[in-house]
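If you want the building blocks of each chain, they are given just below.
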Amino acid sequence: MLRWAAIAILLLLVCGGGLTLASYAGFEWWRVSQDADVGATEVPSAPVPTDVAGEEVGGPDSPRPVAAACAAGAAAFSAKDYGEAVAQLDVCLDAHPADADAMLLRGRAYAAVERFDLAQIDLERALSERPGEESGWEALAYSRVRTENDRGAIAALDTWIALNPTAARAWRMRADARFRMGNPTAALI
């Protein structure tokens, strides 16, 4: 009789553990898909590049008009086709290397395709001109975390938190980075 009671208790523990694990996995899937949806809706549209006279660069005779490349890059990013977004934004930035919007978008696309070294270069340049772009700070912090630069990620996250003290994702990412650095006390702050 004692053997059957032990088997029943063990069976309940295993089933309860499996149910708990499945529930947690489902919650994490939901949370990650919500984070991806939020990031996808915050896509800035690329401005149409113009020359000094105010006319669009890349006329109808041009094989790949620059304005079309900028718009196609933004559209590809919105559609989560990050490889195409990088290709189109390369064309856009070849003609206008100081376009901070296109550079920010290309940096985010680089981060999405795990080219973190290139993402950091674009994002740092774009954010020096447009420091109010929260999506850029998030992508920069993510890229630095993925390259094991937690100190750099914390610096980016501190800037993001200074811009928006209610950015829960920034607080969570900073706590994670502080914890990975071996400072669980600072992670709670």
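Residues numbered from 1 in each chain as written. Predicted model: local features only at pLDDT ≥ 70, side-chain atom pairs only at ≥ 80, totals over all residues. Heavy atoms only, no water.

### A closer look at the overall build of the protein
- Each helix and strand in the protein was counted, giving 9 helices and 0 strands.
- Helices and strands in the protein line up, N terminus first, as α-α-α-α-α-α-α-α-α.
- Taken across its 189 residues, the protein has 36% of its residues classed as buried.
- Long-range pairs, those at least 24 residues apart, make up 42% of the contacts in the protein with a sequence separation of at least 6.
- Within the structure as shown, the protein displays about 11200 Å² of accessible surface, and the carbon and sulfur contribution to it stands at 62%. (Helix = DSSP H or I, 4+ residues; strand = E, 2+ residues; numbered from the N terminus. Buried < 20%, exposed > 50% of the residue type's maximum accessible area, 1.4 Å probe, protein only. Contact = heavy atoms within 4.5 Å. Areas by Shrake-Rupley, 256 points an atom, 1.4 Å probe, with all protein chains shown as cover.)

### A few points about the state of the cysteines
- Enumeration over the complete set of coordinates arrives at 1 disulfide.
- Each disulfide pairs two cysteine sulfurs, and for C70 the partner residue is C92, the sulfurs being separated by 1.9 Å. Disulfide C70-C92: torsion about the S-S bond near 85°, hence right-handed. Taken as a pair, C70 in helix α2 (residues 66-78) and C92 in helix α3 (residues 82-95) lie far apart in primary sequence, 22 residues in all.
- Residue class for C70 comes out buried when judged on its relative accessible area of 0%. (Disulfide = S-S within 2.5 Å.)

### Concerning the packing of helix α4 (residues 100-112) against helix α5 (residues 116-129)
- Where α4 contacts α5, the axes come no closer than 8 Å and their chain directions differ by 150°. Taken together, the axis directions place α4 and α5 in an arrangement best described as roughly antiparallel. You can see that α4 and α5 cross each other, and the crossing is left-handed. Of α5, the residues touching α4 (which contributes A100, M103, L104, R106, G107, R108, Y110 and A111) are F116, L118, A119, D122, L123, R125, A126, L127 and E129.
- Partitioned by chemical class, the residues of the contact of α4 with α5 number 11 nonpolar, 1 polar and 5 charged. (Axes fitted to C-alpha atoms, helices over the stretch in contact; angles between N-to-C directions. Parallel < 35°, antiparallel > 145°, perpendicular 65-115°, else oblique. Left-handed = near helix turned anticlockwise from the far one by under 90°. Nonpolar A, V, L, I, M, F, W, Y, C, P; charged D, E, K, R; others polar.)

### Notes on the confidence of the model for the protein
- Residues at a pLDDT of 70 or more form 75% of the protein, whose mean pLDDT is 81.
- Every residue in residues 36-61 scores below 50 in pLDDT, and together they form 42 contacts with partners more than four places removed in sequence or on other chains. (pLDDT = per-residue confidence, 0-100.)

### With respect to the pattern of salt bridges
- Under the counting rule described, the total for this entry stands at 8 salt bridges.
- The partner of D90 in a salt bridge is R106, with the nearest N and O atoms 2.7 Å apart. Here R106 lies in helix α4 and D90 lies in helix α3, a separation of 16 residues in the sequence.
- Look at D90 and you get partly exposed, because its relative accessible area is 25%.
- R106 gets classed as buried once you look at its relative accessible area, which sits at 13%.
- A salt bridge links R106 to D122, with the shortest nitrogen-to-oxygen separation between them at 2.5 Å. Taken as a pair, R106 in helix α4 and D122 in helix α5 lie far apart in primary sequence, 16 residues in all.
- When its relative accessible area of 3% is taken as the criterion, D122 is described as buried.
- Linked by salt bridges that have partners in common, D90, R106 and D122 make up one network. (Salt bridge = Lys/Arg side-chain N within 4 Å of Asp/Glu carboxyl O.)

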